[in-house]
Amino acid sequence: MSQLAATSFPADLVPQAPEDPLFGLMAAYRADPFEKKIDLGIGAYRDDNAKPWVLPVVKKADAILRDDPTVNHEYLPIAGLPAFTSAAAKLILGANSAAISDKRVHSIQTISGTGAVHLGALFLSKFYPGKPTVYFSNPTWANHNQIFSNVHLPIATYPYFSKATKGLDFTGMKRAISDAPNHSIILLHACAHNPTGVDPTQEQWKELAILLREKSHFPFFDCAYQGFASGDLAKDAWAVRYFVEQGFELCIAQSFAKNFGLYGERAGCFHFVTSAGAEAQKTISRIGSQLAILQRSEISNPPAYGARIASLILNDEALFKEWEANLRTMSGRIIDMRKALRSKLEELGTPGTWNHITDQIGMFSFTGLSEKQVLELRDVAHVYMTKNGRISMAGLNTGNVEYFAKAVDRYVQVTILQLEVYMRGLFSRYHPEADLCSSSSTVLQKLLLTYLILRELANPNSFLVSLEKRRNFNK
Amino acid sequence: MSQFASLTEATPDAAFVLIEAYKADLSPLKVDLSPGFYRGEDARPWILPSVQKAKQALLKDPTADHEHLPILGHAGLLDSAQKLVFDATSEDASTIASIQTIAGTGANHLGALFLAKASRPQTVWISDPSWINHTEIWQLVDNEIERRIYPYFDKQSFTIDVEGTISTLQSKAREGDVVVLHGCAHNPTGLDFSKDQWKAIANVCEEKRLIPFFDLAYQGFATGDLAEDAWSIRYFFRNTSLEMLVAQSFSKNFGLYGERVGALHVVCRTEGTRSKILNVLKRLSRAEITTPPINGAKIVAKVLGDKDLKQQWQNDLLHMSDRMSSMRERLVDALRKRQTPGSWDHILTDIGMFSMTGLQPDQIRALKEEYHVYLLPSGRVSMTGLTENNVEYVAEAVHKVVLAAKPQ
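Residues numbered from 1 in each chain as written. Chains lettered and ligands numbered in written order. Predicted model: local features only at pLDDT ≥ 70, side-chain atom pairs only at ≥ 80, totals over all residues. Heavy atoms only, no water.

### Side note on the side chain of Asp236 of chain A
Residues and elements named next belong to chain A. This is how the line gets drawn: Comment: elements are numbered from the N terminus, with helices defined as DSSP H or I runs of at least four residues and strands as E runs of at least two. Working definition: with a 1.4 Å probe on protein chains only, accessible area under 20% of the residue-type maximum means buried, over 50% means exposed, and in between means partly exposed. Asp and Glu count as negative and Lys and Arg as positive, but His and the ends of the chain are not part of the count. In what follows, salt bridge is the name for a side-chain nitrogen of Lys or Arg lying within 4 Å of a carboxyl oxygen of Asp or Glu. Polar contacts, as used here, are pairs of N or O atoms within 3.5 Å; protein pairs need one atom able to donate a hydrogen and one able to accept it. Residues neighboring in sequence count only if both atoms are side-chain atoms. The contact definition used throughout considers only heavy atoms, calling two residues in contact when any of these lie within 4.5 Å.
Tracing the sequence through the fold places Asp236 in helix α9 (residues 233–236). Although Asp236 is buried, it forms no salt bridge, and the closest oppositely charged side chain is Lys235 at an N-O distance of 6.3 Å. For Asp236, the side chain forms a polar contact with the main-chain nitrogen of Ala229, separated by 3.2 Å. In contact with Asp236, other than residues within four places in its own chain, are Ala190, Cys191, Tyr225, Gln226, Gly227, Phe228, Ala229, Ser230 and Gly231.

Take a look at the structure:
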């Protein structure tokens, strides 16, 4: 064999890439031998025994399909299984949606939610006039960034999460959307925002609609949790339906991974809705034809199995009702865990306010912890969450919620204690003779101590560097 | 006012349009010879017995759920897939970066995306003719990468113009260019290079430092012999130092079309490249699909991982390829019997599902409109649509349109 020539894949084009954060976290969790370890990382539902849960209605549908002699493995049409896509449209838009009866909706089956966001991004990158920037919330689902960047759309963020309130930074959000150039693309989470769990109220959505209309922005809804968030399908779809009713031209990426538990089967749908008008049907037909070309050139046609299951359930009255009950089971358990966690922390008297845990909605909660703090909790308490401080409520159950609450409590208490010790140490460097415990220490000295504490609280990294040094010293 | 008011209507994919037209055709005589999927002797879809058995076996697994696969896909599938294509040992596996894809289309697409990013080829060479979608796939991935054709099909003689292939690549291809090659059962011509011709192609690729990108959609389906159908790829793998890609589809050879089972393999020849390539593939795939679908992957992995099921599968492959061969014989017999003008002998030696008929557009239209016999506009005929019941009718229809054609 001849001597190897240089590779076609040089290091500057194929560098050592960082491990995917989410799937890397899973590997670390699996490798951890600690008995009481808790996985609050992955965004898949787990039952009270921390096991994956195949929805009973999905098991039923599977059995029905198995016994159906007409079911085979033939290709679906490019746009997917028609019974599935039409039911999917009704699900998100409402069975009585004017957009559907006006025939100004185009639906195409995709590789779950990721595939839908990707197809939408690809379509917009090619056909949206001008060079639009896509705005998404800070923070957002980790994958949004990569999906839009890979199709060469410029991206930007709008403020979303307020660290102070652990709720929505509505003012910041509105300002950024208002400052964005007209005709920008605004990515919105339909419900159960990932990763924060913070959703706008209906009043806030109405304000956003007014703002987006003023700016002629294009709404791109990412809907991964319909029914899963509140247990009520219509309620979770309210924002999307409102925008459609308000006459927006918009698109929707719809995932069936969580609400049907069909994760790996990759069932999803992309919907494009155009505004009412004489040309609407022609426009939507042209859009559909272009989407088909894009789909054909990447996957040809979508996978059949997951769509068949979902379609069967969505189109059968009895199975649909059963599905709604399964949804309430899942969302109910999540809500119970939120309540349990909050009440335990309040019971323990853990410093801080914990109402955000029950104010937030859906699978995720944003703790507000920094990356360093997240890694500390992992080392110290064997609690695993993503580096942005997001926890998955689905990972909590009656068996571990107490342990988790205690771990958080311990961590917060220890942190404050360490902070105090550190502050005293820092203070005594400047005032070695002072005795802070003595009632004779001046108001000025106490004010200085308070100032130093507040300054450090505002700069967690510098404190934690010191904490780590302290830890290593103690080892 | 829509942002998309000035959007143009796209021309729909010809193959899919025909499928719809055929569905809508009410003639009891209709015969669909256009699409590239297998049909049994009853002209209906055929679920392979090995697939049926695998599904039943999988049912018994109490741990089955619908959780995500890893980003790379089903580990068992990838392992078996590598062995199937390359006859890979565990040592070989360390030189192959493999990822599960959305069937063959997904593998072609991801491979193109990978190459656009990782090696930045100036040109991608595609056979004339080729599967229509090759051009579309590369155009969408990166329009800046020039798409050029290399001579392949000699329309006059129904043979491969291998001199044309080699001389074009020799004189016009530049280092780092990608060459799309069909592993076996060339689509649409059914004409494959001989082993010696493959060796010559391999030499050109090595000399010019080209990147071969094999499209393998018919392994086992072509001749019924898995090793024979993968001979070209295995030759390149073992006997060259070329970095090469393989887009592997399980649609036809497992009859799992709509489940979208496939894999992309990147053969790395340099130490340390494999893990880097896997990371790039993962990142690209994560941003488009996150993870590939499990249902079909489980079935293929089950069959390939079980001695008895694999044996059954090989019987199923023989069954399908034998039926193709016998339909070829029946069609040529029927045409010869009628002494239909034209050269039809190549249909006996063509490999796989397809043959080019050399029929002209007006003849193809007549076949469809007057006789309800559907061929692709290119004149490609798919043997899968032929049965004992319709082969005489098809021959008669072809005979009539050929005779009705204006003399050349």
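### Here's the deal with the pairing of strand β8 (residues 218–223) of chain A
Residues and elements named next belong to chain A. Defined as follows: The pairing criterion is simple: DSSP has to find at least two bridges between the two strands. With its strands directed away from the observer, a crossover is right-handed exactly when the path from the first strand over the helix to the second travels clockwise.
The buried fraction of β8 amounts to six of the six residues, a majority that puts the element mostly inside the structure. Every second residue of β8 is oriented toward a common face, with Phe218, Phe220 and Asp222 on one face and Pro219, Phe221 and Cys223 on the other, all of them buried. Where strand β7 (residues 185–189) meets β8, five bridges bridge the pair, whose relative direction is parallel. The residue of β8 that forms the bridge with Ile185 is Phe218. Traced from β7 through helix α8 (residues 202–214) to β8, the parallel crossover comes out right-handed.

### A few points about the pattern of salt bridges
This structure, assessed with the given rule, holds 25 salt bridges over all chains. By sharing partners, the salt bridges in this structure join Arg330, Lys337, Arg338, Glu388, Glu392, Glu396 and Lys400 of chain B into a single network.

### What about the environment of Gly379 of chain B?
Tracing the backbone shows Gly379 of chain B in the loop between β12 (373–374) and β13 (380–382). For Gly379 of chain B, a relative accessible area of 0% translates into the label buried.

### Structural notes on the state of the cysteines
Residue and element names in this part refer to chain A. Selection criterion: When two cysteine sulfur atoms are found within 2.5 Å, that pair is recorded as a disulfide.
Overall, the coordinates contain zero disulfides over all chains when judged by the stated rule. Its sulfur unpaired, Cys191 is 5.2 Å from the next cysteine sulfur, which belongs to Cys223. Judged by its relative accessible area of 5%, Cys191 is buried.

### Here's the deal with the confidence of the model for chain A
Residue and element names in this part refer to chain A. Spelled out, the test is: pLDDT runs from 0 to 100 and stands for how confident the predictor is about each residue.
On average, residues of chain A score 89 in pLDDT, and 87% of them are at 70 or above. Low pLDDT (under 50) marks residues 1–5, which in the prediction has seven contacts with non-local residues, meaning those over four places away or in another chain. Taken together, the stretch residues 468–475 has pLDDT below 50 and engages in eight contacts with residues farther than four places along the chain or on a different chain.

### Examining the interface of chain A and chain B
Put simply, an interface is often sized by how much accessible area is lost when its parts join up. Heads up, the condition is: Note on definitions: buried area is the accessible-area loss of two parts on being combined, 1.4 Å probe, summed for both.
Contact residues are listed per partner, giving 78 residues for chain A and 77 residues for chain B. Taken together, both faces of the contact between chain A and chain B bury some 6,800 Å²; the carbon and sulfur share is 57%. The largest contributions to the chain A side of the interface with chain B come from Phe9, His73 and Tyr75 of chain A, which together make up 13% of the buried area. Where chain A packs against chain B, one counts two salt bridges. Here Arg46 of chain A and Glu67 of chain B are joined by a salt bridge, their closest N and O atoms 3.0 Å apart. Here chain A is connected to chain B by 30 residue pairs in polar contact (both at pLDDT 80 or more).

### Quick look at helix α1 (residues 14–24) of chain B
Owing to its 3.6 residues per turn, the α-helix aligns residues three or four sequence positions apart on the same side. Note the following rule: Within this analysis, the arc is defined by the directions that extend from the helix axis to the C-beta atoms.
Residues Ala15, Phe16, Leu18, Ile19 and Tyr22 of chain B constitute the buried set of α1 of chain B. The buried residues of α1 of chain B occupy an angular sector of 155° when projected down its axis, which confines them to one face.

### Comments concerning the sheet that holds β8 of chain A
Residues and elements named next belong to chain A. Filter applied, for reference: Fitted lines through C-alpha atoms give the axes, limited to the stretch in contact for helices. The angle between two N-to-C directions lies from 0 to 180 degrees.
The mixed open sheet is built from seven strands, whose spatial order is β2-β10-β9-β8-β7-β3-β4. The outermost strands of the open sheet, each flanked by one partner alone, are β2 (105–111) and β4 (155–159). Averaged over all pairs of adjacent strands, the angle between their axes in this sheet comes to 25°, without regard to strand direction. Of the strand pairs in this sheet, β2 and strand β10 (residues 267–273) are connected by seven bridges, and their pairing is antiparallel. By the bridge assignment for β10, Ile111 is matched with Ala267. Helix-sheet contacts for α8 involve β7 and β8, and the interaxial angle to β7 is about 170°.

### Let's talk about the packing of helix α3 (residues 82–93) of chain A against helix α12 (residues 304–314) of chain A
Geometry of a packed helix pair, given as the angle between the helix axes and the separation of the axes. Residue and element names in this part refer to chain A. What counts, and what does not: Any angle that falls under 35 degrees is termed roughly parallel, while one over 145 is termed roughly antiparallel, one within 65 to 115 roughly perpendicular, and all others oblique. By convention the crossing between two helices is left-handed if the near helix lies anticlockwise of the far one by an angle smaller than a right angle, and right-handed if it lies clockwise. Amino acids are sorted into nonpolar (Ala, Val, Leu, Ile, Met, Phe, Trp, Tyr, Cys and Pro), charged (Asp, Glu, Lys and Arg) and polar (every other residue, Gly among them).
The interhelical angle for the contact between α3 and α12, taken along N-to-C directions, is 55°, at an axis separation of 9 Å. What the angle tells us is that α3 and α12 run oblique. Once α3 is placed against α12, the crossing between them reads as left-handed. Contacts from Ala83, Phe84, Ala87, Ala88 and Leu91 of α3 reach α12 at Ala307, Ala310, Ser311 and Leu314. Of the residues in the contact of α3 with α12, the class split is eight nonpolar, one polar and no charged.

### Description of the environment of Leu26 of chain B
Residues and elements named next belong to chain B. Topologically, Leu26 is positioned in the loop between α1 and β1 (31–32). Leu26 sits in the exposed class, given a relative accessible area of 80%. Taking C-alpha positions, Leu26 is 30 Å from Ser321, a pair spaced 295 residues apart along the chain.

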